[in-house]
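Working through the structure, step by step
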Amino acid sequence: MLENLADSAQPLLNAPYILRTRRNHGLEHATIHVLSSRVKPLSMAGRSDADGFSLFGDVKTEQVEEAVHEALGRMQGGEHSLAVHPNCGTGLVTTGLMVSLAALAGSVGVRRGAQDYFSRLPLVMVMAIGAVIVSQPLGLSLQQHFTTEGDPGDLRVLDIRRDEVHTPFNGRLTVHRVTTTSS
């Protein structure tokens, strides 16, 4: 069903700005997959846009550079599945939405008293757990068909820069900005 919806949405999904963002999102995930195999333990997050992506986490710049170029080469070689990552925000949003809808559906018809809400708690919990189970493969499928592009096309890496961002309470966050170009 999602595949058919994605096929119908191709004119929008392949609009230049959106396609560049989806390609960068896929390369971001592929880079994190490569880094995960090399850096133990890896704690990293990313954010993509049409001009590239940013990686947030304490990793050496040389490791990021090697991982980005390996990931792009592997994707160009046909490893399109690297574009999908189980910890993507798409999956988190999908899970949050599904659980919220399950809780809302489980609360339909509840009177205003706290006792009535608590009597529905077992039903809401079962529905929420079911929503979590369903949302995991759904989130991966949404990534594959909508929010990432596994085929990098003519995507090229232009620059990789490291920055240190100060965070509250005297902390620092390492950010690598990967700038790309594609049609």
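Summary of the structure given here. (Residues numbered from 1 in each chain as written. Predicted model: local features only at pLDDT ≥ 70, side-chain atom pairs only at ≥ 80, totals over all residues. Heavy atoms only, no water.)

For the bond running from Lys40 to Pro41, omega is -15 degrees, close enough to zero to count as cis. Following the sequence through the fold, Pro41 ends up in the loop between α3 (16–38) and β1 (45–49). (Helix = DSSP H or I, 4+ residues; strand = E, 2+ residues; numbered from the N terminus.)

Here we come to the packing of helix α5 (residues 89–106) against helix α7 (residues 121–147). Following both chains from N to C, one finds α5 and α7 inclined at 145 degrees, their axes separated by 7 Å at the closest point. Here α5 runs over α7; the crossing is right-handed. Grouping the amino acids of the contact of α5 with α7 by side-chain chemistry returns 14 nonpolar, nine polar and no charged. (Axes fitted to C-alpha atoms, helices over the stretch in contact; angles between N-to-C directions. Left-handed = near helix turned anticlockwise from the far one by under 90°. Nonpolar A, V, L, I, M, F, W, Y, C, P; charged D, E, K, R; others polar.)

So, on to the pattern of salt bridges. A full pass over the atoms with the stated rule returns 10 salt bridges. Across the salt bridge formed by Arg38 and Glu66, the nearest N and O atoms sit 3.9 Å from each other. Pair noted here: Arg38 is in helix α3 and Glu66 is in helix α4 (residues 61–76), with a separation of 28 residues, a long-range link. By relative accessible area, which is 40% here, Arg38 ends up partly exposed. Residues Arg162 and Glu164 are paired through a salt bridge, measuring 3.0 Å at the closest nitrogen-oxygen approach. One continuous salt-bridge network, built from bridges that share partners, spans Arg38, Glu66, Glu70, Arg74 and Glu79. (Salt bridge = Lys/Arg side-chain N within 4 Å of Asp/Glu carboxyl O. Buried < 20%, exposed > 50% of the residue type's maximum accessible area, 1.4 Å probe, protein only.)

Within strand β2 (residues 52–56), four of the five residues are buried, which leaves the element mostly enclosed by the surrounding structure. Bridging between β1 and β2 involves five bridges; their strand directions are antiparallel. Counted as the bridge partner of Arg47 is Ser54 from β2. Connecting β1 to the next strand, β2, in antiparallel fashion are two residues. (Pairing = 2+ DSSP bridges.)

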